Amino acid sequence: MVDQAIVETRTGKVRGHAQGGVHAFLGIPYAAATTGAARFRPPQPVAPWTGIREALAYGPRAPQNDSAFGLAPEIGRLMTPARPQPIGEDCLVLNLWTAGLRDGGRRPVLVWLHGGGFIAGSGADPWTHGARLASRQDVVVVTLNHRLGALGYLHLEEVAGADFAGAGLAGMFDIVAALTWIRDNIAGFGGDPGNITLVGQSGGGAKVCVLMAMPRAQGLFHKAIVQSGPALRMADRNDGTATALAFLAELQLRPEQAARLRDLPLPQLLLAQERVVARASLASFAERRRTGFNPVSGPADFPAGPFDGSAPPLAADIPLLIGVTRHEMSIFYALEPWLADLDDIELGRRLVPYVGAHTDALVREYRRLYPAATAGDLFIQIVGDQGIVLPSLRIAGLKAAQAGAPVFTYFFMRESPALNGRLRSCHIMDVPYVFDTLADAPFAGRSPEDARLAETMSAAWVEFARSGSPGARNLPEWRRYSEEDRSTMLLDAESRLVNDPVLDIRSVWTRASTVGDGVKKPE
């Protein structure tokens, strides 16, 4: 290690600090501030600086509503950092951790895209801190912030003209700008610009899917990992325009007054955003990528998809690792008061916003598969299968059918001990195992078995980044996914590779002829 963690980037020198046996650089700007006249516009290069810029603290989170997902207070406390970073519009910053500087190393680079849909989150969660992963696996880890919500995904072009061109993809353009910065500068931090792997969970996984179909992102990354974040079809221009009109109406602005959005105070924008999101959350669950603030497809920058009927041709040579946790939706519903008293009749009523007319058939079929389950357990399972599990497998099937780079799948089975085990293997549960940061995640286990699983998963993810094929010392051979055998790794204290672990569930949905994100019959 060098005495001083100083690296010269294309825009100026930055100083980091030693942390956990690695060098950490926090809050590096990868693009200029997007305040004032720059609101809703594509990101611009950051102005070069003289001297040495300190990169010792995280930058601000993107503006967001902290209660966006309405988690139960007990769960919210587990999933929220004790001291979250303040929000601010000057949020286009990245953080990186590396074990070597200017040493000629060509380490794989993992670029983490945070969850939170497209409306919340940051790259500074303690369980995505990159020091341990960089130290133990000899990789460069990068996390980043980008614009969210209305500031990142407000499609105003149809109603307000060319002055707002690209506003519905501004947050994605931010990520492209960050990837461009990484390509141009990462060698100085010991990373290989020719081996960049995108990793994202939940909304971050959806961002990975979108980037796979964006021409501007082509060539800026070489492998992709999607954790519980399938995105088959995003908002189209009509969907985005409907959201933009609703947002303007909340602010009592006519379309021809849209330019005033650049002058309004941030709290006023966030209040309008919160109200639009609240109404969007009442829409059909299958429409969640089309209502509210999401990347808008249609223009040349994001032509379609990303996995609407086929895998994106732009990413045919990108290996993909995609998976889910086994009880995805328990994070959202496990502590809901009504869940404990649910019976099968009420279960059907609760499922209507998710599966519509197919509720009776699905309740009957799931009851046959799980005769001892409570109605609450069935609700969590059905909604998770519809919204995340089956769409993820649909993406795996489309990628395999493309006959290009391989695709690998996994189910994360390990259950959380928190809240007396009520979370089970919930959404986000796999993240601290990938980063090997169990001590920083209040919802993760602490047993020797958990520590071994974290060591195994972090090694497998890094091996995928190195070679395009996941694997670790404690895992059986991880075969690629195909429509013939649907090989899937079950990750737990004793991990194992199985064929088609949800055959019965897929068959149920095929008979019911519906699944989330517009997929009619899961393959």
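Bear in mind the structure is a predicted one, so any value in this text is a computation, not a measurement.

Cut-offs used in this document
Residues numbered from 1 in each chain as written. Predicted model: local features only at pLDDT ≥ 70, side-chain atom pairs only at ≥ 80, totals over all residues. Heavy atoms only, no water. Helix = DSSP H or I, 4+ residues; strand = E, 2+ residues; numbered from the N terminus. Rg over C-alpha atoms; globule rule 2.2 N^0.38 Å. Buried < 20%, exposed > 50% of the residue type's maximum accessible area, 1.4 Å probe, protein only. Areas by Shrake-Rupley, 256 points an atom, 1.4 Å probe, with all protein chains shown as cover. Lys, Arg positive; Asp, Glu negative; His and termini not counted. Charge placed at Lys NZ, Arg CZ, Asp CG, Glu CD. pLDDT = per-residue confidence, 0-100. Contact = heavy atoms within 4.5 Å. Core = buried A, V, L, I, M, F, W, Y, C linked by side-chain atoms within 4.5 Å. Pairing = 2+ DSSP bridges. Axes fitted to C-alpha atoms, helices over the stretch in contact; angles between N-to-C directions. Right-handed = clockwise from strand over helix to strand, strands pointing away.

Description of the overall build of the chain
Consideration 1: Counting secondary structure elements, the chain contains 15 helices and 14 strands.
Consideration 2: Against the compact-globule benchmark of 24 Å for 523 residues, the chain has a radius of gyration of 22 Å, which places it among compact chains.
Consideration 3: Referenced to the eigenvectors of the C-alpha coordinate spread, the extents of the chain come out at roughly 70 × 60 × 45 Å.
Consideration 4: Here the chain holds 523 residues, and the buried ones make up 60% of them.
Consideration 5: Accessible surface, the chain: about 19400 Å² in total, of which carbon and sulfur atoms supply 51%.
Consideration 6: Charge-centre separation for the chain: the mean point of 52 positive side chains lies 2 Å from the mean point of 54 negative side chains.

Focus: the confidence of the model for the chain
Consideration 1: Of all residues in the chain, 96% have pLDDT values of 70 or greater, and the mean over the chain is 93.
Consideration 2: The low-confidence segment residues 514–523, where pLDDT is below 50, has 39 contacts with residues more than four positions distant or belonging to other chains.

Considerations on the nonpolar core
Consideration 1: Residues Leu261 and Phe379 are the most contacted members of the largest nonpolar core, which totals 123 residues.
Consideration 2: Once you skip the residues sitting within four places of it in the chain, Leu261 turns out to touch Arg39, Phe40, Leu154, Leu156, Phe247, Leu248, Leu251, Leu253 and Leu269.
Consideration 3: Ranked by size, the runner-up nonpolar core spans 52 residues in total, among them Leu321, Tyr433, Val462 and Trp478.

Let's talk about the sheet that holds strand β5 (residues 52–54)
Think of a sheet as strands paired side by side through backbone hydrogen bonds, with each pair either parallel or antiparallel.
Consideration 1: In space, the 3 strands of this open sheet follow the order β1-β2-β5, with mixed pairing throughout. The open sheet has two free edges, formed respectively by β1 (6–9) and β5, since each of these has just one partner strand. Across the sheet, the axes of successive neighbouring strands diverge by a mean angle of 35°, strand direction being ignored.

A short note on the pairing of strand β9 (residues 191–201)
Consideration 1: Of all 11 residues in β9, 9 are buried, a share of seventy percent or more.
Consideration 2: Pairing of strand β7 (residues 107–113) with β9 involves 6 bridges; the strand directions are parallel. The residue of β9 that forms the bridge with Val109 is Ile196.
Consideration 3: In this structure, β9 lies alongside strand β10 (residues 223–227), joined through 5 bridges in parallel fashion. Directly across from Gly200, in β10, lies its bridge partner Val226.
Consideration 4: Chirality of the crossover, the property in question, places the unit of β9, helix α6 (residues 203–212) and β10 among those that are right-handed.

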